[in-house]
Amino acid sequence: MRPEPEKLVKEAVERARASGLRRTKALEDVLSILIDACQPLTLADIAESKDLDSGADKATVYRLLMKLEERSLIRRLGLHDRSAYYTMILPGEHSDYLICNDCGRIEKLDIACPVQVLEKQIAKKSGFKKLYHELEFFGQCPDCAEKVG
């Protein structure tokens with residue numbers, strides 16, 4: 001079972017501080033928005049959120065997202081020619097995604113990760129520690145396929 005959002009935000013803020021980021025209201029707001037969403041969000045989604053109490057502007061939110069991504073606290077998803085989506089990386093949790101090549105829609109893959117067994121084999125054979133992966137499947141979502149079909 002997933003811990004309470006307040007606890008997740010507190011832990012995420014502590015991880016951000018441990019990585020060298022200053023604790024600010026904007027940082028807390030951005031982490032809280034991403035955790036509460038339980039799905040990937042765009043910069044616009046975050047910057048325009050009613051829960052962005054700090055009053056941070058879009059440029060500040062963008063800089064925070066870049067710093068969080070550089071420190072592997074969030075994950076950037078999406079096609080390079082479209083809006084990026086951001087999602088939290090939470091210890092002990094793992095998500096893989098489906099991404100539509102046509103509209104850019106992103107969905108969390110709702111099955112057990114097909115690569116976890118392979119990841120364990122690779123770690124054992126290679127000796128790598130703290131091994132992880134990020135898996136994104138690209139294709140055409142049902143809505144876009146229906147438009148073409």
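Basis of the calculations
Residues numbered from 1 in each chain as written. Predicted model: local features only at pLDDT ≥ 70, side-chain atom pairs only at ≥ 80, totals over all residues. Heavy atoms only, no water. Axes fitted to C-alpha atoms, helices over the stretch in contact; angles between N-to-C directions. Helix = DSSP H or I, 4+ residues; strand = E, 2+ residues; numbered from the N terminus. Parallel < 35°, antiparallel > 145°, perpendicular 65-115°, else oblique. Left-handed = near helix turned anticlockwise from the far one by under 90°. Contact = heavy atoms within 4.5 Å. Pairing = 2+ DSSP bridges. UniProt positions renumbered as here; feature names shortened; annotations may be inferred. Buried < 20%, exposed > 50% of the residue type's maximum accessible area, 1.4 Å probe, protein only. Domains from an automatic or database assignment. Buried area = accessible area lost by both parts, 1.4 Å probe. Salt bridge = Lys/Arg side-chain N within 4 Å of Asp/Glu carboxyl O.

**Q** Is there a simple way to think about the packing of helix H1 (residues 5–18) against helix H2 (residues 25–37) in this case?
**A** If you want to describe how two helices pack, look at the angle between their axes and the distance between the axes. Here H1 crosses H2 at 130°, and the two axes come no closer than 9 Å. When the axis of H1 is compared with that of H2, the two are oblique. In terms of crossing hand, the pair formed by H1 and H2 is right-handed. Contacts between H1 and H2 involve Pro-5, Leu-8, Val-9, Ala-12, Val-13 and Ala-16 from the first element and Leu-27, Glu-28, Leu-31, Ser-32, Ile-35 and Asp-36 from the second.

**Q** Looking at this model, I keep getting lost on the sheet that holds strand S2 (residues 74–77). Mind explaining?
**A** In space, the three strands of this open sheet follow the order S1-S3-S2, with antiparallel pairing throughout. The open sheet is flanked by strand S1 (41–42) and S2, the only strands paired with a single partner. When S2 meets strand S3 (residues 85–88), the two strands line up antiparallel, connected through four bridges. Bridge pairing in S3 places Ile-74 opposite Met-88. Across the sheet, H2 is in contact with S1, S2 and S3; its angle to S3 comes to roughly 85°. Contacts from helix H4 (residues 58–70) reach S2 and S3, with the element oriented near 105° to S2.

**Q** Teacher, can you tell me more about the UniProt feature "binding site: Zn(2+)" (unreviewed entry) in the protein here?
**A** What UniProt calls "binding site: Zn(2+)" (unreviewed entry) maps, in this numbering, to Cys-100, Cys-103, Cys-141 and Cys-144. In sequence the annotated residues extend across 45 residues, while in space they remain close, none of their C-alpha pairs exceeding 8.2 Å. Here Cys-100 lies in strand S4 (residues 97–100). Apart from the residues lying within four places of it in its own chain, the contact partners of Cys-100 are Leu-79, Arg-105, Gly-139, Gln-140, Cys-141 and Cys-144. Here Cys-144 shows up in helix H6 (residues 142–148). You can call Cys-144 buried: its relative accessible area is 8%. In this view, Cys-144 contacts Cys-100, Asp-102 and Cys-103; residues no more than four positions away in its chain are not counted.

**Q** I'm lost on the pairing of S3 in this one. Help?
**A** In the case of a regular strand, side chains alternate between the two sheet surfaces. Looking at chain direction, S1 and S3 are connected through two bridges and run antiparallel. Within S3, the position partnered with Leu-41 by the bridge is Tyr-86.

**Q** I'm lost on the domain arrangement of the protein in this one. Help?
**A** Accessible area lost during the coming together of the parts is what is often quoted as the interface size. Structurally, the protein comprises domain 1 (1–90) and domain 2 (94–148). Using C-alpha coordinates to define each centre, domain 1 is positioned 21 Å away from domain 2. Area buried by domain 1 at its contact with domain 2 is led by Arg-75, Leu-79 and Arg-82, which between them contribute 54% of it. Counting the contacts that link domain 1 with domain 2 gives two salt bridges.

**Q** I would appreciate a short explanation of the pattern of salt bridges in the present structure.
**A** When the charged atoms of two side chains lie near each other, side chains of opposite charge can form a pair. By the definition in use, this model includes 11 salt bridges. Among the salt bridges present, the one from Arg-17 reaches Glu-14, with a minimum N-O distance of 3.7 Å. Separated by three residues within a single helix, Arg-17 and Glu-14 lie in helix H1, roughly one turn from each other. By relative accessible area, which is 44% here, Arg-17 ends up partly exposed. What makes Glu-14 partly exposed here is its relative accessible area of 34%. One salt bridge in this structure joins Glu-70 and Arg-71, with 3.9 Å as the shortest N-O distance. A network of salt bridges, in which partner residues are shared, links Glu-14, Arg-17, Arg-23 and Glu-28.

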